[in-house]
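# A structural walkthrough
Here is how the chains run, residue by residue.
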Amino acid sequence: GEWCTRLHWAMSMRLGDIFKQLLGKQEALHRYPDRKMHQLEAARIMNLVSKWHQSREYLHPGMNLADFAKRFCSDKKYSEVAYCWSFSFDPTFFAHLCYEGFLSICSYPSQIVYTLMPWIDPERCVMDLDSIHISKKVLKRSNKYSLTVNKSFQQVIDGCIAQHGESWLHLPMRALLKSLNSSGYSGEKKNVRFAVHSIELWDDKKLLVAGDIGYTVGGCYTSMTGFRKEGTVSAGTIQLVATCGLLKEVGFQMWDLGMVMKYKKDLGATVLKRQEFIKRFHVIRDETKAFLKTPQAISARRLIKSLKDSKPPTTKTSANTSNSSAAGAQTRQTRTLEEVESVTRDKKS
């Protein structure tokens, strides 16, 4: 019926005309009160012209995310799939995705229409707060730095873009994160304790030299992206280790570092399979004791020294994942973005 009619319509039009339809919907996708209708219509159009989107689940506000997350983590058909997609940048929807364990980025395929891309990799990188490696060099160099939370959100965003390019921090994603950072979660689920944060590292001249953008869900902090100022020595590592010290000090139990990368493992992070990550995450996502804030700037050296002094005796452990697995995961996000954003490039005429 309706689907056959849409398919016949799509086949009778030039693909370039279909893309114009999508491009024309960009504003309507985020406009009240009929945005949901436009989003679903645009999703049907995208599925007609993009095999990548056809092969992945479309998520939207109103669906049972808890039920879908269980299926996504247990059903074998998703075992090698990391990404889903959506046209919704609704702050409450984003928070509920995070609450279920999805980490979301933004794609802009062929610069036609912005899409949210929630993902849970088959493997996830996690830092147990007592496991981070602290070198004497980092402790020594941390003396002239201080750490703050939510003091300069926009500066951290700008720093990330300056170092990495816009990447997935496209305009609607920046607006979404900024809104949640300033206004917080306002959804109807009272058990969801969610907030977006910036963490800043300042030198003794009060210049921002490194930072992190992330969010908290209960007793877990998730890093989304970060930066360090070009020309600084060890500022990025100092910011990471000081952040770990702060997270432990204010009651967090786990630091989610997202996709597997070598530098994270070198710092002491472990690699969890998807189901194990979700199991651990769900245990602490309703935790009420942890709260990420600093009433004033905190000495990075104090945080790092306190963390070092509180660490239990170290023991040698065997590697928990192969080098080939880590190397493959390291490039997955970049490869996926390149695939999505070029998926229709050759069809625009």
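By convention here, each chain's residues receive numbers from 1 onward along its written sequence. Local features in this predicted model are restricted to residues of pLDDT 70 or higher, and side-chain atom pairs are both shown and tallied only at a pLDDT of 80 or more, whereas totals for entire chains, interfaces and linings draw on every residue. For the side-chain quantities, the full set of heavy atoms in the structure was used; hydrogens and water were omitted.

### Looking at helix H10 (residues 235-249)
We apply this condition: Strands here mean DSSP runs of E at least two residues long; helices mean DSSP runs of H or I at least four residues long; both are numbered from the N terminus. Take the residue count of a helix, subtract one, and multiply by 1.5 Å to get its expected span. Using a 1.4 Å probe on the protein chains alone, a residue whose accessible area is under 20% of its type maximum counts as buried, one over 50% counts as exposed, and one in between counts as partly exposed.
Between the first and last C-alpha of H10 there are 21 Å, a value that for 15 residues agrees with the 21 Å anticipated at 1.5 Å per step. Within H10, 12 of the 15 residues are buried, which leaves it mostly tucked inside the rest of the structure. Residues of H10 that are buried include every one of Ala235, Gly236, Ile238, Gln239, Leu240, Val241, Ala242, Thr243, Cys244, Gly245, Leu246 and Leu247, and no others. Gly251 lies just past H10 and shows a positive phi near 105 degrees.

### Thoughts on the pattern of salt bridges
Note on pairing: side chains with opposite charge can pair once their charged atoms come close. Quick reminder of the rule: Salt bridge, as used here: a side-chain nitrogen of Lys or Arg that lies within 4 Å of a carboxyl oxygen of Asp or Glu.
Using the criterion set out here, one finds 10 salt bridges in the structure. Where Arg280 meets Asp128, a salt bridge forms, and the shortest distance between an N and an O atom there is 2.7 Å. Note that Arg280 is positioned in helix H12 (residues 274-284) and Asp128 in the loop between strand S3 (123-127) and helix H7 (136-141), a separation of 152 residues in sequence. On the basis of relative accessibility, which here comes to 27%, the residue Arg280 falls in the partly exposed class. A salt bridge links Glu249 to Arg302, with the nearest nitrogen and oxygen atoms 3.0 Å apart. Note that Glu249 is positioned in helix H10 and Arg302 in helix H13 (residues 300-310), a separation of 53 residues in sequence. Residue Glu249 is classed as partly exposed on the basis of its relative accessible area of 40%. Of the residues examined, Arg302 reaches a relative accessible area of 40% and is grouped as partly exposed.

### Regarding the sheet that holds strand S8 (residues 254-258)
Counted only if it meets this: Strand pairing is assigned whenever DSSP identifies at least 2 bridges connecting the two strands. Throughout, a contact is declared for two residues whenever any of their heavy atoms are within 4.5 Å. Here, axes are lines fitted to C-alpha atoms. For helices the fit covers the stretch in contact, and angles between N-to-C directions go from 0 to 180 degrees.
Strand order in the open sheet formed by eight strands is S9-S3-S8-S7-S6-S5-S4-S10, with mixed pairing between adjacent strands. Unpaired on one side and paired on the other, strand S9 (270-273) and strand S10 (298-299) mark the two borders of the sheet. Here two bridges tie strand S4 (residues 146-149) to S10, and the two strands are oriented antiparallel to one another. What sits directly across from Leu147, in S10, is Ile298. Strand contacts of H10: S4, strand S5 (194-202), strand S6 (208-217), strand S7 (220-228), S8 and S10, with the helix running at about 35 degrees to S6, the strand carrying the most contacts. Along the sheet face, H12 touches S3, S6, S7, S8 and S9 and points at about 100 degrees away from the line of S9.

### Regarding the environment of Leu97
Structurally, the position occupied by Leu97 is in helix H6 (residues 91-99). In this view, Leu97 contacts Leu59, Leu65, Phe102, Ser104, Leu116 and Pro118; residues no more than four positions away in its chain are not counted.

### Some details on the packing of aromatic side chains
Worth spelling out the cut-off: Geometry of aromatic contacts follows a simple scheme: Phe, Tyr and Trp rings, the Trp one being its six-membered ring, pair when their centres are within 6.5 Å, and the pair is stacked under 30 degrees between planes, edge-to-face over 60, tilted otherwise.
Counted according to the given criterion, the structure contains 15 aromatic pairs. For the pair Phe68 and Phe102, a centre-to-centre distance of 6.1 Å together with 15 degrees between the ring planes defines the contact as stacked. Note that Phe68 is positioned in helix H5 (residues 65-74) and Phe102 in the loop between H6 and strand S1 (103-107), a separation of 34 residues in sequence. Note on Tyr108 and Tyr114: the rings are 3.9 Å apart at their centroids and 20 degrees apart in plane angle, and the pair reads as stacked. Neither Tyr108 nor Tyr114 differs from the other in exposure class; each is buried.

### Digging into the environment of Glu200
Heads up, the condition is: Side-chain atoms alone can form a polar contact between residues adjacent in sequence; in general such a contact is a pair of N or O atoms within 3.5 Å, and within protein one must be able to donate a hydrogen while the other accepts it.
Within the element layout of this structure, Glu200 appears in strand S5. The residues touching Glu200, leaving out its near neighbours within four places in the chain, are Ser146, Leu147, Thr148, Val149, Asn150, Lys151, Ser152, Phe153, Val156, Leu208, Ala210 and Gly211. Of note is the side chain of Glu200, whose polar atom sits 2.5 Å from the side chain of Thr148. Of the polar contacts made by the side chain of Glu200, one reaches the side chain of Ser198; its length is 2.5 Å.

### So, the side chain of Thr216
You can see Thr216 is positioned in strand S6. A polar contact is formed between the side chain of Thr216 and the side chain of His197, at a distance of 3.3 Å. Ignoring anything within four residues of it in the chain, the contact list for Thr216 reads Arg193, Phe194, Ala195, His197, Tyr221, Phe252 and Leu292.

### Topic: the nonpolar core
This is how the line gets drawn: We define a nonpolar core as any set of buried Ala, Val, Leu, Ile, Met, Phe, Trp, Tyr and Cys residues linked to one another through side-chain atoms lying within 4.5 Å.
In this structure, Phe94, Met173, Leu177 and Phe194 are the most contacted members of the largest nonpolar core, which totals 59 residues. Per-element tally for this core: the top contributor is H6, with six residues. Look past the residues within four positions of Met173 in its chain and what remains in contact with it is Phe89, Phe94, Ser104, Ile105, Cys106, Leu116, Trp168 and Met224. Listed in part, the 37 residues of the second largest apolar core include Ala210, Ile238, Phe252 and Val260.

### Structural notes on the environment of Gly214
Counting through the fold element by element, Gly214 comes out in strand S6. Look past the residues within four positions of Gly214 in its chain and what remains in contact with it is Ala195, Val196, His197, Tyr221, Thr222, Ser223 and Met224.

### Here's the deal with helix H8 (residues 153-164)
Spelled out, the test is: In this description, one arc is meant: the one made by directions from the helix axis to the C-beta atoms.
Between its first and last C-alpha, H8 extends 17 Å over 12 residues, near the 16 Å set by a 1.5 Å rise per residue. What H8 keeps buried is the set Phe153, Val156, Ile157, Gly159 and Cys160. Buried residues in H8, looked at end-on, bunch into an arc of 160 degrees, giving them a common side. Looking at the packing, one finds that the buried side of H8 touches helix H9 (171-183), S5, S6 and S7.

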